[in-house]
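Listed below, chain by chain, are the residues.
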Amino acid sequence: MKFELDPLPYAKSALAPHLTEETLSFHYDKHHSAYMNNLKKLLEGKPEAEKSLEEIVKTSSGGIFNNAAQVWNHTFYWNSMRPSGGGEPTGALAEAIKRDFGSYAEFRGQFHTAALGQFGSGWAWLVVDSGKLKIVTTGNADTPLVKGLKCLFTADVWEHAYYIDYRNLRAKYLDTFLDKLVNWDFAAANFK
Ligand code: MN3
């Protein structure tokens, strides 16, 4: 794999005021980049270092898995947001949400509840499982990628994702994530 983080898909100030530049600086420059540095050290001189990041996530365990999965999850998270995002999707994905959840409002409520209810650190995901949209949560570094599910978007619910801007208020961060930040274009491209 190439031991370099993908650049953020927007400027660090681009998601403000919903997520501030300070949050993105800490989250990308400190947390995301620490996972990459740890992974690099753990894979030094090992044959796995030649594999792709996705292959490493799917085939490793322990410290290598934790760091590789966190590198992958965070890159996916950055792409799951955009400036002036959020709200209801359109097109085929909107139809699928209606088909599998009944309505966008129902989907939004279920995603919020699941993400809020993830105990401790983890992630909330919209995925495709056997042709059906589903909301899943994972703890710590775990990722639906290892179960072969197709990921559409994710919300990081580790405290470091929201503590600077929202303190302990994960519910408020999730409201903002869903209403102002979700990148439905990214989700729709993954859905195809
Ligand atoms: Mn994080």
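Every value quoted in this text rests on a predicted model; they were computed, and no experiment measured them.

Draft legend 1. Region of the structure containing the domain arrangement of the protein. What the domain assignment lists for the protein is domain 1 (21–79) and domain 2 (91–191). A straight line from the C-alpha centre of domain 1 to that of domain 2 covers 20 Å. Facing 19 residues of domain 1, the contacting portion of domain 2 comprises 24 residues. Between domain 1 and domain 2, the buried area comes to about 1,800 Å², and carbon and sulfur atoms account for 70% of it. Its largest share of buried area at the contact with domain 2, domain 1 owes to T23, F76 and Y77, together 34% of the area lost on that side. Where domain 1 touches domain 2, the interface holds zero salt bridges. Taken together, the connections running from domain 1 to domain 2 amount to 10 residue pairs in polar contact (both at pLDDT 80 or more). Listing elements by their share of the side of domain 1 that touches domain 2, those giving two or more residues are α1 (21–43), α2 (53–59) and α3 (62–79).

Draft legend 2. Spotlight on helix α5 (residues 104–117). Between its first and last C-alpha, α5 extends 20 Å over 14 residues, near the 20 Å set by a 1.5 Å rise per residue. Every buried residue belonging to α5 is among Y104, F107, R108, F111, H112 and A115, and all of these are buried. Looking down the long axis of α5, one finds its buried residues gathered within 125° of arc, a one-sided arrangement. Residues of α5 that are exposed and point over 90 degrees away from its buried face: A105, T113 and G117.

Draft legend 3. Representation of the sheet that holds strand β1 (residues 122–129) within the structure. Ordered in space as β2-β1-β3, the three strands form an open sheet in which the pairing is antiparallel. Sheet topology places β2 (132–139) and β3 (150–156) at the edges, where each strand pairs with a single neighbour. Strand-to-strand twist of the sheet, defined as the mean angle between neighbouring strand axes without regard to direction, takes the value 20°. Where β1 and β3 come together, six bridges link them in antiparallel fashion. Note on β3: the bridge partner recorded for V128 is K150. In the packing of α5 onto the sheet, contacts are made with β1, β2 and β3, and the angle to β2 comes to roughly 15°.

The rules behind each value
- Residues numbered from 1 in each chain as written.
- Predicted model: local features only at pLDDT ≥ 70, side-chain atom pairs only at ≥ 80, totals over all residues.
- Heavy atoms only, no water.
- Domains from an automatic or database assignment.
- Contact = heavy atoms within 4.5 Å.
- Buried area = accessible area lost by both parts, 1.4 Å probe.
- Salt bridge = Lys/Arg side-chain N within 4 Å of Asp/Glu carboxyl O.
- Polar contact = N/O pair within 3.5 Å; in protein donor to acceptor, adjacent residues only side chain to side chain.
- Helix = DSSP H or I, 4+ residues; strand = E, 2+ residues; numbered from the N terminus.
- Expected span 1.5 Å × (residues − 1).
- Buried < 20%, exposed > 50% of the residue type's maximum accessible area, 1.4 Å probe, protein only.
- Arc of directions from axis to C-beta.
- Pairing = 2+ DSSP bridges.
- Axes fitted to C-alpha atoms, helices over the stretch in contact; angles between N-to-C directions.

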